[in-house]
Amino acid sequence: MAAKLLPVLKLATKVTIAGGALYVTYDSGLLGGSAQGSEVLGKAKAAIPPAVDEWVKYFGFELPAFPKMGFSPVEAWNSGVQSSISALSSGPTALGGYTNQGLQYLKDLTK
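These figures come from a predicted structure and were not determined experimentally. (Residues numbered from 1 in each chain as written. Predicted model: local features only at pLDDT ≥ 70, side-chain atom pairs only at ≥ 80, totals over all residues. Heavy atoms only, no water.)

Peer 1: Honestly, the overall build of the protein in this entry has me stumped. Any pointers?
Peer 2: Counting its regular elements, the protein contains 3 helices and 0 strands. Secondary structure elements in the protein, listed N-terminal to C-terminal, are α-α-α. Against the 2.2 N^0.38 benchmark of 13 Å for 111 residues, the protein shows a C-alpha radius of gyration of 25 Å, more extended than a compact globule. Based on the C-alpha atoms only, the size of the protein along its principal axes is roughly 80 × 55 × 30 Å. Put simply, the protein shows about 9900 Å² of open surface, and 68% of that area lies on carbon and sulfur atoms. Taking the average location of the 9 positive side-chain charges in the protein and that of its 7 negative ones, the two points are 14 Å from each other. (Helix = DSSP H or I, 4+ residues; strand = E, 2+ residues; numbered from the N terminus. Rg over C-alpha atoms; globule rule 2.2 N^0.38 Å. Areas by Shrake-Rupley, 256 points an atom, 1.4 Å probe, with all protein chains shown as cover. Lys, Arg positive; Asp, Glu negative; His and termini not counted. Charge placed at Lys NZ, Arg CZ, Asp CG, Glu CD.)

Set out below in structure tokens:
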């Protein structure tokens, strides 16, 4: 009985954790538009350093200073997403062109 229940319990735990993470992500606005995502990022930038300082004081160890970034992660993320979507949207057309080139090459070989 326990051998049959354990996989179901593990699956239920994983689904619950994934569902909770998705709910928190949606509720905080990370799945919204670019402006809403930037607003949430600003809130996170304001909330994380005090929380880290509190944990450092609680546990009594010191963390190295955070490095300063010379670029905007938001812009890098957006350009990465745009490049990925562009590649996915042009994929079927490119695949059709490559298929036609391959067929033409095979026809030329059989002549």
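Peer 1: When you look at the packing of aromatic side chains in this model, what are you seeing that I'm missing?
Peer 2: Each aromatic ring pair is summarised here by two numbers: the centre-to-centre distance and the angle between the ring planes. Under the criterion given, the structure shown has 2 aromatic pairs. With 5.0 Å between their ring centres and 80° between their planes, Tyr58 and Phe59 make a pair best called edge-to-face. Residue Tyr58 is classed as exposed on the basis of its relative accessible area, which comes to 65%. An aromatic cluster of at least three residues, connected via ring pairs, comprises Trp55, Tyr58 and Phe59. (Phe/Tyr/Trp six-rings, centres within 6.5 Å; stacked < 30°, edge-to-face > 60°. Buried < 20%, exposed > 50% of the residue type's maximum accessible area, 1.4 Å probe, protein only.)

Peer 1: I'm lost on the environment of Phe66 in this one. Help?
Peer 2: Here Phe66 shows up in the loop between helix H2 (34-59) and helix H3 (73-110). For Phe66, a relative accessible area of 61% gives the class exposed. Residues Phe66 and Leu6, 60 residues apart in the sequence, show an inter-C-alpha distance of 42 Å.

Peer 1: Would you explain helix H1 (residues 2-28) in this entry?
Peer 2: Residues three or four positions apart in an α-helix share a direction because the helix packs 3.6 residues into each turn. Counted at 1.5 Å a residue, the expected span for H1 with its 27 residues is 39 Å, and the 38 Å between its end C-alpha atoms agrees. Counted residue by residue, H1 has 0 buried out of 27 residues, so it is predominantly exposed. Gly29 sits one or two residues past H1 and shows a positive phi near 100°. (Expected span 1.5 Å × (residues − 1).)

Honestly, that's just the spatial picture; any functional story needs more than this.
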